[in-house]
Amino acid sequence: MSRFEKPYRGRLAPSPTGLLHLGHARTFWVAQQRAKENEGTLILRNEDLDSTRFKMEFVPAMIEDLRWFGFEWQEGPNCGGPFAPYNQSERMHFYHAALEKLRIGGFIYPCTCTRKDIRLAASAPHSENDEPIYPGTCRQNRQSATGNRKFSWRFRVPDGETVAFNDGNRGAQAFVAGRDFGDFVVWRHDGVPAYQLACVVDDAAMQITEVVRGEDLLISTARQILLYRALGLEPPAFFHCELMKDDSGVRLAKRHNALSLRLLRENGETPESLRRKWF
Ligand SMILES: [Zn+2]
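Bear in mind that the values here come from a model prediction, so they are computed numbers and not experimental data.

Undergrad: Please provide a residue-by-residue account of the pairing of strand β3 (residues 108–111), values included.
TA: Residue alternation in β3 divides its side chains into two sets, Ile108 and Pro110 and Tyr109 and Cys111, and both sets are buried. The pairing of β3 with strand β4 (residues 152–155) spans 4 bridges and is antiparallel. Across the sheet, residue Ile108 finds its bridge partner in β4, namely Phe155.

Undergrad: Account for the packing of helix α3 (residues 92–104) against helix α5 (residues 195–205), with residues named and values stated.
TA: Relative placement of two packed helices is described by the angle separating their axes and the distance separating the axes. In the contact formed by α3 and α5, the axes pass within 10 Å of each other and the chain directions differ by 105°. By the angle class used here, α3 and α5 are roughly perpendicular. Here Phe94, Tyr95, Ala98 and Leu102 of α3 lie close against α5, whose contacting residues are Leu197, Ala198, Val201 and Asp202. Classifying every residue of the contact of α3 with α5 gives 7 nonpolar, no polar and 1 charged.

Undergrad: Requested: an account of the sheet that holds β4, with residues and values cited.
TA: Within the open sheet, the 3 strands sit side by side as β3-β4-β7. Their pairing is antiparallel. One side of each edge strand has no neighbouring strand; the edge strands of this open sheet are β3 and β7 (184–187). Ignoring which end each strand starts from, the neighbouring axes of this sheet average 45° apart. The sheet strands contacting α3 are β3, β4 and β7, and the helix crosses β7 at an angle near 125°.

About the thresholds
Residues numbered from 1 in each chain as written. Predicted model: local features only at pLDDT ≥ 70, side-chain atom pairs only at ≥ 80, totals over all residues. Heavy atoms only, no water. Buried < 20%, exposed > 50% of the residue type's maximum accessible area, 1.4 Å probe, protein only. Helix = DSSP H or I, 4+ residues; strand = E, 2+ residues; numbered from the N terminus. Pairing = 2+ DSSP bridges. Axes fitted to C-alpha atoms, helices over the stretch in contact; angles between N-to-C directions. Parallel < 35°, antiparallel > 145°, perpendicular 65-115°, else oblique. Contact = heavy atoms within 4.5 Å. Nonpolar A, V, L, I, M, F, W, Y, C, P; charged D, E, K, R; others polar.

Below is the structure:
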């Protein structure tokens, strides 16, 4: 029986920005195990919003690599399901509706800062392992004042408020808004919804009950909890996995091309041999 009140729904949410990597596969494998243990449904969501980074040809390769490794999902871009479409690029109307809700509720403001502006702002402290904390330059901005300048939409965090949640893997977590993370972008100046917003909107719409992902996203979870609240949505449970490190303790990243599932497969590795190294 499921330990959750609602039927368990988990997701794999890869971004087709390159070949699938062994590090992703491990997190996804945990996600699949969680869904199986809870007799739940696993969905595949293709996070293809960032058209400057992703390439269409990676999608079939991604699906093939996932299948080869032993992943099985019940809903997804290739097989459909009750919450279709499962490609984020086809879900823009959901993100626009959420943005409008945030705007009307006064939760966001237009920000004309460039990355460089933020880096140069003398008062901007850097939170640990994360991007610089936004100095609040545009907090009082009105949309009418942006003129012809490009702007992003930024979420105003409640300074000093502790955002706490109980992580299924790592236990009690707490982050202080304005100290551990600052006002964050929900809509990019190039018209693309930011990861934080798209992720929350889709996890809620697809009725995901538990989000399994890498521990590098712990602070993002605090941001997303604020978004759930602003949008009047109930957050799912969270389960953050340890990230794979190489022999020298450096986090595995995409630059470790030798660890793409594609290459490992070509070099004669099997899914079983790769999984034996993890557990
Ligand atoms: Zn700004």
